[in-house]
Amino acid sequence: MIDQRGLGRELDRRGLAEWCVVERDQELGWVDDAVVRAEQRTRWQVTAHDDSPAGRGSARLAIDGVDGSPRDVVDQALALARAAVGVAWQASPQGAPARVKLADPALDKRRPSDVAAALVHDLPRPSGATVTARASCLREHASASSHAGFRTSWLATRVRVDALVARGERSLAIVREARRLSDLELDAAIADALEDLELLAAAGPATAGPCTLVLAADAMLDDGLGVWAAFASQADAVTEREGLTRYREGAAIAPGAAELAEPLDITSDGALDFGVRSAPIGDDGDAVRAFPIVRGGIAVGLGLSPREAALRRRDPNGGVRNLEVAAGSWTSELGVVSSDRVIEVRRLRGLAIDRYTGHASLELALAIDRGTGKPLYGGTIRLDLIDELARARRSATIVRRGPYVGPSAVLIDRAELLA
Amino acid sequence: MLASLGVASAQAIAWATGCGGGQTPVRRAEPEASGEVRTWLRDAIAALAGAGLGEPHALAVARGRTTAASDVLGASVARGRCAGAVLSATDRGGVRREQVTGDLSQAGIAAAVKALAGATPAPARVAFAPPQVWGAIPVEPDDAALLERARQLAHDRAMSSRIVYWAGAIDVDDATLWAIAPDHDREQRLVRVRCAATRVAWNGTRPVVAEASRAWSGGVAEHELDEDEREAASRAALALYTPSPFEPGEFALVLEPSVTAAVIDAAVPALLTASAARRPEVARRLAVGASVASPLVTLVDDPTIAGAYGGFHFDDLGAPAAAIPLVDAGRVVGRIGPRLRPGHIGPADAAPSHLRLAPGDVDHEALRGEGYLLEGGLGAMVDPSSDRVVISIARARQLHDGQTTGRTYADLELVGELGPLLASVSGVSKQTASFGLRDERDGLPRWRSIEAPWLRATGRLRARSQP
């Protein structure tokens, strides 16, 4: 039987230089229109480093279950670490875990499968539309220990709904994920989808040409971080060290980005209460910290694992997690002064971001020509996201959705719509 | 799929690919343990039947994964194992319920029975079918040998100082599955191996990523990515491209198999599965019998192909593997149902296994005429609502009179609607190439493979990067 204390004793006894064990006892409920699933599992993450004159060897084992012997686990970790020795490094002293709330009290006593079933059952189903969905609810108790005698534990919950809203001949998919039930905001999501389905039914094909672009929340946050994921890739310390990013610490993220009236500020906050990517510590036992990625249009921070941090002689920060983008002062009531037509993008069919250059292709599913009020479908927008988001006017209204907290819309001045 | 993970250190590759959810070094399902597992599962079925639950079924999985990777920053191995069981039955209210446990032991399965049945019921008498077993060569990969292979994959004769990043990786999944119900008792062992070589070089202001890979089911040493294939990846990364901007337009095209595979990999899950058919647009456009492609296009999902990376002997409902015709001579003839939980214990999914686009009868070089030869499929987006397709392509070689002119453009995309693109297919090669793909959803692996020929078609091509 694997247990945390036994693993710790065995790791200490074998003289590993550094180690961390994270145990997660999880209850998962999952429901769709065909099946109700209930799952109980225990997951372990064992990270161990072995030092030798040739350098440091590292091993990570992901374990699912409790059956087995701590000695076998440590044998395997040691063998793996010794098979792959790299440069020597030493982690900085363990920081205090982030103080962060991750569990919804409303999910304390209920069975996760009941919560998931209720989520599907209680979805609004307006007349004339069909809503099909699957939902999941996870409740976990996690605990961690390390070679330095550090111990911590926490509770976490997560709920997720994937729904398909259909009316007539058209449909839209919705995904919402949150730590708390109240953060899912499914009623609003379905109402927005229905509104957009009506617009789609009346939409005509988009025509090519220059435009000013307004990215609304559903388009901006396509698949989680959406367009802001470009900054998460640029702040990847490994990729940066390999010289494959355009992001350079201390330099403006784009020419003139630091001289703007409202320069861009982005923070990675893994200690955000109820943030879907929040945690007290990372899988390697490193304390999670909020850190700035961009300040005043200047690149100032990287997501640092213990190894990357040690190689740079800094403190680890748990990597890039939830992104907080500073609000701007633009509101749609102020309108848009532009010689080009103004296109408000409501939904995307697809978003592809080149993680090295930040260039992106946005395939439009639904947009509105603000000048004529006519809905449009189709078309492609090409953007250098790093440059354009640095200069974009950000809304004063804040939205919180999944791993993102920030402006609910951005306005981009120079764009070219391709048919 | 290393390219899709992005360029990362060997440690990151190994850790990212090696330790997704559901790995465990707990008791291996060695042959001697197989009988024990079968007994526990049979007991569970008898107990569920005794509780009056309908259509009881038990699925158990014991899976191990070893990933060795070597790159510019060093070398690393990750290893993990996972075990668990899914008990399912229909309750008195007609609801299908599944109870999942990560504890593949007698006590773990008994606890799952209790959770599903509400108590420990008296077992019913069940006459089980005799066991059917599909074995495989036992595999316990040697870390040092795998690391050496990964190091070899990271190098080749064409390496040069212009290559700023290189990596080699070998990934071995070894899964044993049991599926037991009153009418069947099946066991299979699937060993899936994938090796890949990745090269990155700068081309102007952007890095060019090239990857060569090979994937199969069978012995770890059964195939290898040879020197020529690795060298081809380096040459693709180092290729010098025509600097003038690409003029977009409608062209005659030859799609190399990796480009064809990218289209198939995006289109089938989006359009030809039971879950895709929930969309009214898809149900209408791709109704059975609808003409959606040229008569030269025949597509089958066939998990029975020997050695296919995505193949299997029976699905997670215990049904023997069988080919599902999807498109026959351009017409829709079927869809993939929710059957596949290939070696893990996650929810059943309507996902492809080994997709095979039927070959034609001409040599691929005979497909060339005017236009462009598209090489290096980087991925595709298919919008199920609108039929819009965008296929990212590493390079396009200009063709004139069946020969390449020397003009090669990097980073393009083929855009338009999928229906007209497939309807324009006017030639299919007799040669094919296979691609094995592995990604994870919710921490659970999904294996699939695609066998595709060269295609001749027409479509709109344009530059991918910002003008």
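Conventions we followed
Residues numbered from 1 in each chain as written. Chains lettered and ligands numbered in written order. Predicted model: local features only at pLDDT ≥ 70, side-chain atom pairs only at ≥ 80, totals over all residues. Helix = DSSP H or I, 4+ residues; strand = E, 2+ residues; numbered from the N terminus. Rg over C-alpha atoms; globule rule 2.2 N^0.38 Å. Buried ≥ 20, exposed ≤ 12 C-beta atoms within 10 Å, placed from the backbone. Contact = placed C-beta atoms within 7 Å. Nonpolar A, V, L, I, M, F, W, Y, C, P; charged D, E, K, R; others polar. Pairing = 2+ DSSP bridges. Domains from an automatic or database assignment. Arc of directions from axis to C-beta. Core = buried A, V, L, I, M, F, W, Y, C linked by C-beta atoms within 7 Å. Expected span 1.5 Å × (residues − 1). pLDDT = per-residue confidence, 0-100. Axes fitted to C-alpha atoms, helices over the stretch in contact; angles between N-to-C directions. Left-handed = near helix turned anticlockwise from the far one by under 90°.

**Quick notes on the overall build of chain B**
From N to C terminus, chain B includes nine helices and 17 strands. Computed over the C-alpha atoms, the radius of gyration of chain B is 24 Å, within 12% of the 23 Å expected from 2.2 N^0.38 for a compact globule of 467 residues. On the principal axes, the C-alpha backbone points of chain B span a range of 75 × 55 × 35 Å. The buried share of chain B, reckoned over its 467 residues, is 58%. Sequence-distant contacts in chain B: of pairs separated by 6 or more residues, those separated by 24 or more amount to 74%.

**Some words on the overall build of chain A**
Tallying secondary structure elements over chain A gives nine helices and 21 strands in all. Relative to the compact-globule value of 22 Å for 419 residues, chain A shows a C-alpha radius of gyration of 24 Å, a close match. The dimensions of chain A, computed from C-alpha atoms along their principal axes, are 75 × 50 × 30 Å. Burial analysis of chain A (419 residues in total) assigns 57% to the buried set. Excluding contacts between residues fewer than 6 apart, the proportion of contacts in chain A whose partners are at least 24 apart in sequence is 70%.

**A look at the interface of chain B and chain A**
Buried accessible area, meaning the area lost when the parts come together, often serves as the stated size of an interface. Counting residues at the interface gives 61 residues for chain B, matched by 54 residues for chain A. Breaking the side of chain B that touches chain A down by element, the ones donating at least two residues are helix 2 (10-18), strand 2 (74-90), strand 3 (96-101), helix 5 (143-153), strand 5 (163-181), strand 7 (206-217), helix 8 (280-285) and strand 14 (388-400) of chain B. Class assignment of the residues belonging to the side of chain B that touches chain A gives a composition of 26 nonpolar, 20 polar and 15 charged. Pairing analysis gives six bridges linking strand 2 (residues 35-52) of chain A to strand 3 of chain B, with the strands arranged parallel. The residue bridging A:R37 from the neighbouring strand is B:E98, located in strand 3 of chain B.

**Considerations on the environment of B:G35**
Residues and elements named next belong to chain B. Mapped onto the fold, G35 is located in helix 3 (residues 31-50). Residue class for G35 comes out exposed when judged on the 11 C-beta atoms lying within 10 Å of it. Here the alpha-carbon distance between G35 and V428, two residues 393 residues apart in the chain, equals 48 Å.

**Digging into the pairing of strand 5 (residues 130-146) of chain A**
Residues and elements named next belong to chain A. Of all 17 residues making up strand 5, 13 are buried, and the element is well covered by its neighbours. Pairing analysis gives 12 bridges linking strand 1 (residues 18-31) to strand 5, with the strands arranged antiparallel. Looking at strand 5, one finds that V31 is bridged to A135. Note: strand 5 against strand 6 (residues 151-167), 16 bridges, orientation antiparallel. The partner of R139 across the bridge, within strand 6, is T157. Between strand 5 and strand 6, which follow one another and run antiparallel, lie four residues, and G149 among them has a positive phi close to 85 degrees.

**Concerning the pairing of strand 17 (residues 380-384) of chain A**
For strand 15 (residues 359-369) of chain A and strand 17 of chain A, the ladder comprises five bridges, and the chain directions are antiparallel. Directly across from A:L362, in strand 17 of chain A, lies its bridge partner A:I381.

**Focus: the domain arrangement of chain A**
Residues and elements named next belong to chain A. By the assigned domains, chain A splits into domain 1 (4-181) and domain 2 (202-419). Between the C-alpha centres of domain 1 and domain 2 the distance comes to 27 Å. Contacts between domain 1 and domain 2 engage 26 residues on the former and 24 residues on the latter. Residues belonging to the side of domain 1 that touches domain 2 are distributed by class as follows: 13 nonpolar, eight polar and five charged.

**Re helix 5 of chain B**
Along an α-helix, a turn takes 3.6 residues, which lines up residues three or four apart on a common side. Within helix 5 of chain B, the full set of buried residues consists of B:L146, B:L147, B:R149, B:A150 and B:L153. Looking down the long axis of helix 5 of chain B, one finds its buried residues gathered within 160 degrees of arc, a one-sided arrangement. Those residues of helix 5 of chain B that are buried are in contact with helix 2 (70-83) of chain A together with strand 1 (54-71), strand 2, strand 5, strand 6 (184-203) and helix 6 (227-238) of chain B.

**Notes on the nonpolar core**
Counting 177 residues, the largest nonpolar core has B:L41, B:A44, B:L48, B:A60, B:A150 and B:L374 as the members making the most contacts within it. At 13 residues, strand 5 of chain B tops the list of elements feeding residues into this core. Those residues in contact with B:L48 that lie beyond four places of it in its chain are B:L53, B:P56, B:L87, B:A89, B:V113, B:L116 and B:A117. Residues A:L172, A:A189, A:V410 and A:A415 belong to the second largest nonpolar core, which totals 91 residues.

**What to know about the environment of B:G416**
Residues and elements named next belong to chain B. Relative to the assigned elements, G416 resides in strand 15 (residues 403-417). In sequence terms G416 and V333 are 83 residues apart; their C-alpha atoms lie 24 Å from each other. With residues up to four places along the chain from it excluded, the contact list for G416 reads V389, L421, G459 and R460.

**Considerations on the sheet that holds strand 11 (residues 291-295) of chain A**
Residues and elements named next belong to chain A. Here six strands make up an open sheet; going across it, the order is 12-11-10-13-20-19 and the pairing mixed. The open sheet terminates on both sides in strands that have one partner only, identified here as strand 12 (298-299) and strand 19 (398-401). For strand 10 (residues 266-268) and strand 13 (residues 323-325), the ladder comprises three bridges, and the chain directions are antiparallel. Each bridged residue has a counterpart across the sheet, and for I266 the counterpart in strand 13 is V325.

**A look at the domain arrangement of chain B**
Residues and elements named next belong to chain B. When the domains of chain B are assigned, the result is domain 1 (2-238) and domain 2 (249-463). Summarising the inter-unit geometry, the C-alpha centres of domain 1 and domain 2 are found 24 Å apart. Each side of the interface is counted separately: domain 1 has 30 residues, and domain 2 has 24 residues. Elements with a contribution of two residues or more to the side of domain 1 that touches domain 2: strand 1, strand 2, strand 5, strand 6 and strand 7. Considering each element in turn, the side of domain 1 that touches domain 2 owes the most residues, seven residues, to strand 6. Looking at the side of domain 1 that touches domain 2 residue by residue, the classes come out as 14 nonpolar, 10 polar and six charged.

**Regarding helix 7 (residues 257-271) of chain B**
Taking 1.5 Å per residue as the helical rise, helix 7 of chain B with its 15 residues ought to reach 21 Å, and the 20 Å between its terminal C-alpha atoms agrees with that figure. Judged by how many residues are buried, helix 7 of chain B sits mostly within the fold: 15 of 15 residues are covered.

**Some remarks on the confidence of the model for chain B**
In low-pLDDT segments, the atomic positions of the prediction should not be examined closely. Residues and elements named next belong to chain B. Of the residues in chain B, 90% reach a pLDDT of 70 or more, and the chain-wide mean stands at 87. Note on residues 1-29: pLDDT is under 50 here. Beyond four places in sequence and across chains, it has 110 contacts. Scoring of the predicted complex yields 0.87 for pTM and 0.84 for ipTM.

**Focus: the packing of helix 2 of chain A against helix 5 of chain B**
The geometry of helix 2 of chain A relative to helix 5 of chain B is characterised by a closest axis approach of 10 Å and an angle of 30 degrees between their N-to-C directions. Remark: the crossing between helix 2 of chain A and helix 5 of chain B carries right-handed chirality. Counted together, A:A79, A:L80 and A:A83 of helix 2 of chain A and B:D143, B:A144 and B:L147 of helix 5 of chain B form the full contact between these two elements. Taken together, the residues that form the contact of helix 2 of chain A with helix 5 of chain B break down as five nonpolar, no polar and one charged.

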